[in-house]
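# Notes for the structure review
Single-letter residue listing:
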Amino acid sequence: MKHLNNMKTCLSTILMFLSLLVNAQVKPITPGQPAPEFNLKNVDNKMVSFNDYPTAKGFIIVFTCNTCPYAQGYEQRIIKLNEKFQPLGYPVIAINPNDPKLSPGDSFEKMQERAKSKKYPFPYLFDQGQTATDLYGATKTPHIFLAQRTGKGITIEYTGGIDSDPEGTDLQKTNYLEEAVGALLSGKKPASTVTKAIGCTVRRGR
Amino acid sequence: MIKIFTALLFFCLIFPAKGQQVKLISLTELDKRLEGGKDTTYIINFWATWCAPCLKELPHFEKLRKEHGKEKLKILLVSVDFQSKLNSVKTLSKRLNLKNEVFLLNEKNQQEYIDKIDKNWSGALPATLLLNKSKTRGEFYEKEFTYSELLRTYETFK
């Protein structure tokens, strides 16, 4: 009898777990949490991790890809962000979160082509198995995670969008990310730590 | 016989000319549309003309309408394309022969409207909101549905 009960408990746990899997919706990690470590292959075939930047004050981690029109619309702005903030200690690290089986245009070879033709001044990393994507809870491209390095480690300080103007036509736009980096550089916390912006859903293999 | 033929010809001439209506809709207007609607279950799909998984998913909503449209179900397809793309939304709706109601969201501030639609939505497309008015139940899905998933989700909602 006890054995049967155990089995029942076990079965219902499995069922619960399965239903969780079915309903699982990815949630981005929130500001205040440690930035998950990664060690991923760059388009130049070298591995890249936070440790490769011993003097960086933090990182602008951008989940982006080749194929999403929204990500393409932000591509030049991401290059400009790196130009502006790498010298100040906040380099851009771009990660492609898509499974190339579901999105062939986001294969490692296609990433190499795009990085070369658009002259990416920052690493563009391939997330084999989508582990970093899952650790960060990246849901879309582009999806920004701004991290700051302190004595206690590397902490997420801001997540969300780049600015309030995806179409690139609004002169009154708010530069969420620039404002957040600016705040960190002047020893403050960002005024907004989470923003929302439209993007292409991450193509997750199952 | 000629009469029938003329009638058919007339019918054919009228309908393609009418084409797919796409109206701009603000969130307030969308709320009113839902409050004033006579149906029980509402499925609101957020999509865009540039979003490949969305275009793959749209036929599932058409199929659900075809097979279950008589069950007090209303499906609203709300594009979040830029307002300047109204014509692209119209052309695509026509090409995909969408019979569900199609709208273009008349809101500019993503930071505001994404949260208002659902605070758990990060902004990834496609995304779908299911509402049951009689049970005052709502659920938001930031994902791409297969037809069987969509049907199953609808069955638990109606």
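As the structure is a prediction and not an experimental result, all values here were calculated from the model.

### Here's the deal with the interface of chain B and chain A
Between chain B and chain A, the contact holds 27 residues from the first and 22 residues from the second. Both sides of the chain B and chain A interface together cover about 2,000 Å² of buried area, and 51% of this is carbon and sulfur. Three residues stand out in chain B for area buried against chain A, namely Trp50(B), Phe82(B) and Gln111(B), and they jointly supply 32% of the buried area on that side. Applying the counting criterion to the chain B and chain A interface returns two salt bridges. The tally of links from chain B across to chain A stands at 13 residue pairs in polar contact (both at pLDDT 80 or more). Mapped by element, the contributors of at least two residues to the side of chain B that touches chain A are α3 (52-68), α5 (110-117), β5 (124-125) and β7 (137-141) of chain B. With five residues, α5(B) is the largest single contributor of residues to the side of chain B that touches chain A. When strand β9 (residues 199-201) of chain A meets β5(B), the two strands line up parallel, connected through two bridges. Bridge assignment links Cys200(A) to a residue of β5(B), and that residue is Leu125(B).

### A short note on the state of the cysteines
Note on terminology: disulfide describes a covalent bond linking the sulfur atoms of two cysteines. All names here are of chain A. Throughout the structure, instances matching the rule amount to two disulfides over all chains. Through a disulfide, Cys 68 is tied to Cys 200; the S-S separation comes to 2.0 Å. Its S-S torsion of approximately 75° makes the covalent link between Cys 68 and Cys 200 right-handed. Residue Cys 68 is located in the loop between β3 (58-63) and α2 (69-85), and its partner Cys 200 is located in strand β9; the two are separated by 132 residues in the primary sequence.

### Concerning the confidence of the model for chain B
Residue and element names in this part refer to chain B. On average, residues of chain B score 89 in pLDDT, and 87% of them are at 70 or above. Mean pLDDT in chain B bottoms out at helix α1 (residues 2-18), which sits at 50, and peaks at strand β4 (residues 101-105), which reaches 98. In this model residues 11-18 is a low-confidence stretch, pLDDT under 50, and it forms one contact with partners more than four residues away in sequence or in other chains.

### Regarding helix α6 (residues 147-157) of chain B
Residues and elements named next belong to chain B. Among all positions of α6, only Tyr 147, Leu 150, Thr 153, Tyr 154 and Phe 157 are buried. Within α6, the buried residues cover an arc of 130° as seen down the axis, which keeps them to one side. In this fold, the buried residues of α6 make contact with β2 (41-47), α3, β3 (73-79), β6 (127-132) and β7.

### A few points about the packing of aromatic side chains
Counted according to the given criterion, the structure contains 15 aromatic pairs over all chains. Both rings, one in Tyr120(A) and one in Tyr124(A), keep their centres 5.2 Å apart while their planes meet at 70°; by these two values the pair is edge-to-face. You'll find Tyr120(A) and Tyr124(A) in the same group, each marked buried. Between Lys41(A) and the ring centre of Phe108(A), over which it is positioned, the NZ or CZ distance is 4.3 Å. Here the guanidinium or amino end of Lys63(B) rests over the ring plane of Tyr147(B), the centre of that ring lying 4.2 Å away.

Calculation criteria
- Residues numbered from 1 in each chain as written.
- Chains lettered and ligands numbered in written order.
- Predicted model: local features only at pLDDT ≥ 70, side-chain atom pairs only at ≥ 80, totals over all residues.
- Heavy atoms only, no water.
- Contact = heavy atoms within 4.5 Å.
- Buried area = accessible area lost by both parts, 1.4 Å probe.
- Salt bridge = Lys/Arg side-chain N within 4 Å of Asp/Glu carboxyl O.
- Polar contact = N/O pair within 3.5 Å; in protein donor to acceptor, adjacent residues only side chain to side chain.
- Helix = DSSP H or I, 4+ residues; strand = E, 2+ residues; numbered from the N terminus.
- Pairing = 2+ DSSP bridges.
- Disulfide = S-S within 2.5 Å.
- pLDDT = per-residue confidence, 0-100.
- Buried < 20%, exposed > 50% of the residue type's maximum accessible area, 1.4 Å probe, protein only.
- Arc of directions from axis to C-beta.
- Phe/Tyr/Trp six-rings, centres within 6.5 Å; stacked < 30°, edge-to-face > 60°.
- Lys NZ or Arg CZ within 6 Å of the ring centre and 35° of its normal.

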